Amino acid sequence: MTQPSIDWDAAYRQESPPPWSIGRPQPELAALIDQGKIRGDVLDSGCGHAALSLALAERGYTVVGLDASATAVNAAAAAAAERGLTTATFAQADVTSFGGYPPGSEGRFATIVDSGLFHALPPEGRQDYLRSILRAAAPGAALYILAFAAGALGDSHDRPGPRGFTEGELRESVGAQWQVDDVRPAKVYGNEAALDTELPNVEHDGEGHFMVPGFLLSAHKPN
């Protein structure tokens, strides 16, 4: 996941879902919906199979899901059509530049949600990504990022997957573009069937998911 050349389409074409697809929104983000913290048009950045986008559309939100994988985007669009969710739309796009995304997105979104994308971007692309979503954000827009904590997948540099962030690293990186309001410990859920190695910090919920340490960052677009 840390390599910029990863074949995201191949990850979504495999028979079983990838580790980050759990069949429902990440619980930390679902709680934001229940708490009324999601408002206005929503950008689901790196939507994948779009469980979050679909859940938001079912609540009446207008949501746009972006992902680098055409396979994931097409599957998400088909799921929305099957459920009759006309307020959810999806597009394939380079999230670090919004290349290929239709014009007119500047200043549109009141809420931007990142469910495990930021930690998967190569470090050299993260500030471009933050600037891109800042351009798409409405004045005062809220940003929520769910990311792995450092060491969540183990400390070995040879282990596949994102390295994660310390609280300070996450705050500093996002704070270069956005006004960070809070960073708190959170759990990141994964698909247990796709877990092919033992992790030192893993928990299990008995419902087919594993959980590892992470952070939920809340920020807003500066004036």
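Residues numbered from 1 in each chain as written. Predicted model: local features only at pLDDT ≥ 70, side-chain atom pairs only at ≥ 80, totals over all residues. Heavy atoms only, no water.

Per an unreviewed UniProt entry, the chain goes by the name SAM-dependent methyltransferase and belongs to Mycobacterium sherrisii.

S.K.: Which residues make up the packing of aromatic side chains, and what values do they have?
M.R.: Counted under the stated rule, the structure contains 3 aromatic pairs. Taking the centre distance of 5.9 Å and the plane angle of 75° together, the rings of Y12 and W20 count as edge-to-face. A residue is classified by how much of its surface remains accessible, and Y12, at 9% relative accessible area, is buried. Residues F118 and F165 carry aromatic rings whose centres are separated by 5.5 Å and whose planes lie at 10° to one another, so their mutual orientation is stacked. Placement of F118 in the loop between β4 (109–115) and α5 (126–136) and of F165 in the loop between β5 (137–148) and α6 (167–175) is noted, with a sequence separation of 47 residues between them. A single burial state applies to F118 and to F165, both of which are buried. Cluster of aromatic residues (ring-pair linked, three or more members): F118, Y129 and F165. A cation over a ring is seen here: R126 above F118, with NZ or CZ 5.8 Å from the ring centre. (Phe/Tyr/Trp six-rings, centres within 6.5 Å; stacked < 30°, edge-to-face > 60°. Buried < 20%, exposed > 50% of the residue type's maximum accessible area, 1.4 Å probe, protein only. Helix = DSSP H or I, 4+ residues; strand = E, 2+ residues; numbered from the N terminus. Lys NZ or Arg CZ within 6 Å of the ring centre and 35° of its normal.)

S.K.: Which residues make up the pattern of salt bridges, and what are the values?
M.R.: In this structure the tally under the stated criterion is 8 salt bridges. Residues E28 and R184 are paired through a salt bridge, measuring 3.0 Å at the closest nitrogen-oxygen approach. Taken together, the residues span a long stretch of sequence, with E28 in helix α2 (residues 27–34) and R184 in strand β6 (residues 179–191) at a distance of 156 residues. Where D128 meets R131, a salt bridge forms, and the shortest distance between an N and an O atom there is 2.7 Å. (Salt bridge = Lys/Arg side-chain N within 4 Å of Asp/Glu carboxyl O.)

S.K.: I'd like to hear about the pairing of β5, residue by residue, with values.
M.R.: Put simply, side chains in a regular strand alternate between the two faces of the sheet. Most of β5 sits out of view: 10 of its 12 residues are buried. Sheet topology places β4 next to β5; 6 bridges connect them, and they run parallel. Its bridge partner being in β5, V113 is matched across the sheet by Y144. Crossover handedness for the path β4 to α5 to β5: right-handed. Bridge analysis of β5 against strand β8 (residues 209–220) gives 7 bridges, and the strand direction is antiparallel. In the sheet register, A147 faces β8, and the bridge partner there is F215. (Pairing = 2+ DSSP bridges. Right-handed = clockwise from strand over helix to strand, strands pointing away.)

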